[in-house]
Each structure stands twice: as C-alpha cells, then as structure tokens.
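Summary of structural features
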Amino acid sequence: MSLNKEERRIIVGLEYEKATRTFQQIEEYRKLGHWETIANRLYYSVFHAVAALLIKDGHSVNTHKGTVGQFGLYYVKTGIVPAECGRLYSQLQMLRNNSDYNCYFDVTKDDIEPMLEPAKQLISTVGTLIKDME
C-alpha cells in the first residue's frame with residue numbers, strides 16, 4: 001500500500017495513539033490482578049508503537065513476527081534504539097503468545113512487573129522518533 005505524506009502522518013498518529021491508549025488500560029487490570037490480560041495489552045501497546053515507527057519510515061507492517069524482525073533490522077541493529085528494546089519486544093511477543101494460546105501457561109505478577117517500565121520507555125522513545133513528522 002502506497003501512502004502519501006498526509007495519509008502516512010494520520011496512520012502513524014493513529015497507531016501511536018492506540019499504543020498509548022492500550023498501555024493506559026494496564027493500570028485497571030493490575031488492580032484486578034489480571035496478569036494474562038496485561039501480557040496481552042503490554043504486547044499490543046508496544047506493537048502499535050513499533051508499527052507507527054515502521055510506517056513513519058515507509059516500511060510495511062504485515063505480520064507480528066515480521067514487525068519484530070523489521071524493528072530489529074531497522075532500529076536495533078542500526079543503534080537507533082538500544083538492544084534492550086529489541087529483546088523486550090521479542091519477550092513480550094513470546095509472553096503474549098504463550099499466555100493467549102497455551103492453557104497450561106500462567107502469567108504472574110513477577111513475569112509482568114519488570115516489563116512495565118521498560119515498555120513504557122520504549123513507547124516514549126518511539127514517540128520521540130515519530131515526533132518530527134509534522
């Protein structure tokens with residue numbers, strides 16, 4: 001899909017807005033102790049932020065696995081974002097997959113808590129990187 005500059009700007013904004021809105025949902029689920037739901041929301045908040053960044057720079061977003069790979073290739077390996085961001089994104093994807101698709105896999109507070117602040121920071125970093133679209 002080929003986007004003109006204005007269409008790209010709108011879609012990037014919508015993706016980033018979805019990332020921040022999804023991350024905000026986490027606090028309510030924390031109060032309820034819904035750790036599997038938080039794993040899902042945490043992954044998708046980062047996914048939408050990364051999608052915004054990829055789209056901003058003219059890359060396509062087709063699959064979840066492909067998005068992780070492109071993020072690593074274009075932003076982690078080039079040093080635009082720290083390697084920890086790539087590892088976090090991969091870990092979140094695996095956690096979400098296990099949580100959503102394996103009935104024997106339990107997500108706990110101990111699994112989630114260490115990922116919250118780094119995910120928030122990753123989303124913020126993306127926000128800074130896409131800011132120059134205006």
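The structure we're discussing is the one just above.
Residues numbered from 1 in each chain as written. Predicted model: local features only at pLDDT ≥ 70, side-chain atom pairs only at ≥ 80, totals over all residues. Heavy atoms only, no water.

**Examining the side chain of Gln93**
With respect to the helices and strands, the residue Gln93 is situated in helix H5 (residues 83-101). You can call Gln93 buried: its relative accessible area is 12%. (Helix = DSSP H or I, 4+ residues; strand = E, 2+ residues; numbered from the N terminus. Buried < 20%, exposed > 50% of the residue type's maximum accessible area, 1.4 Å probe, protein only.)

**A closer look at the nonpolar core**
Leu42, Val46, Phe71, Tyr89, Leu92 and Ile112 are the most contacted members of the largest nonpolar core, which has 39 residues in total. When residues of this core are traced back to their parent elements, those giving at least two are helix H1 (5-24), helix H3 (35-56), helix H4 (64-76), H5 and helix H6 (109-130). The element that contributes the greatest number of residues to this core is H3, accounting for 14 residues. The residues touching Phe71, leaving out its near neighbours within four places in the chain, are Val50, Leu53, Leu54, Val76, Val81, Cys85, Gly86, Tyr89 and Leu122. (Core = buried A, V, L, I, M, F, W, Y, C linked by side-chain atoms within 4.5 Å. Contact = heavy atoms within 4.5 Å.)

**Description of the environment of Met94**
Mapped onto the elements of the fold, Met94 is located in helix H5. Residue Met94 is classed as exposed on the basis of its relative accessible area of 54%. Sequence spacing of Met94 and Tyr43 is 51 residues, and the spatial spacing of their C-alpha atoms is 9.1 Å.

**Digging into the environment of Tyr74**
Within the secondary structure layout, Tyr74 lies in helix H4. Residue classification places Tyr74 among the partly exposed positions, given a relative accessible area of 32%. Spatially, the C-alpha atoms of Tyr74 and Asp57 are 9.6 Å apart, while their sequence positions differ by 17 residues. Residues in contact with Tyr74, not counting those within four places in the same chain, are Leu54, His59 and Ile80.

**Focus on the packing of H1 against H3**
At a minimum axis separation of 8 Å, H1 and H3 run at an interaxial angle of 165°. One finds that H1 runs roughly antiparallel with respect to H3. For the crossing formed where H1 meets H3, the hand is left-handed. Across the interface between the two elements, Arg8, Ile11, Val12, Glu15, Tyr16, Lys18, Ala19, Thr22 and Phe23 of H1 pack against Arg41, Leu42, Tyr44, Ser45, His48, Ala49, Ala51, Ala52, Ile55 and Lys56 of H3. Of the residues belonging to the contact of H1 with H3, the class tally is eleven nonpolar, three polar and five charged. (Axes fitted to C-alpha atoms, helices over the stretch in contact; angles between N-to-C directions. Parallel < 35°, antiparallel > 145°, perpendicular 65-115°, else oblique. Left-handed = near helix turned anticlockwise from the far one by under 90°. Nonpolar A, V, L, I, M, F, W, Y, C, P; charged D, E, K, R; others polar.)

**Quick notes on the packing of H1 against H6**
Two packed helices can be described by the angle between their axes and the distance between those axes. Running from amino to carboxyl end, H1 crosses H6 at an angle of 160°, the nearest separation of the two axes being 11 Å. It follows that H1 is roughly antiparallel to H6 by the angle criterion. The element H1 and its partner H6 pack so that their crossing is left-handed. Contact residues: Val12, Tyr16, Ala19, Thr20 and Phe23 in H1; Leu116, Ala119, Lys120, Ile123, Ser124, Val126, Gly127 and Ile130 in H6. Considered class by class, the residues forming the contact of H1 with H6 number nine nonpolar, three polar and one charged.

**Concerning the pattern of salt bridges**
Counted under the stated rule, the structure contains eight salt bridges. Arg9 is the salt-bridge partner of Glu6, the closest N and O atoms lying 2.5 Å from each other. Taken as a pair, Glu6 and Arg9 lie in helix H1 at a separation of three residues, close to a single helical turn. Among the residues examined, Arg9 registers a relative accessible area of 37% and is labelled partly exposed. Taking the shortest distance from any N to any O, the salt bridge between Asp100 and Arg96 comes out at 3.4 Å. With Asp100 and Arg96 both in helix H5 and four residues apart, the pair spans about one turn of that helix. When salt bridges with common partners are traced through the structure, they connect Glu27, Arg30 and Glu113 into a single cluster. (Salt bridge = Lys/Arg side-chain N within 4 Å of Asp/Glu carboxyl O.)

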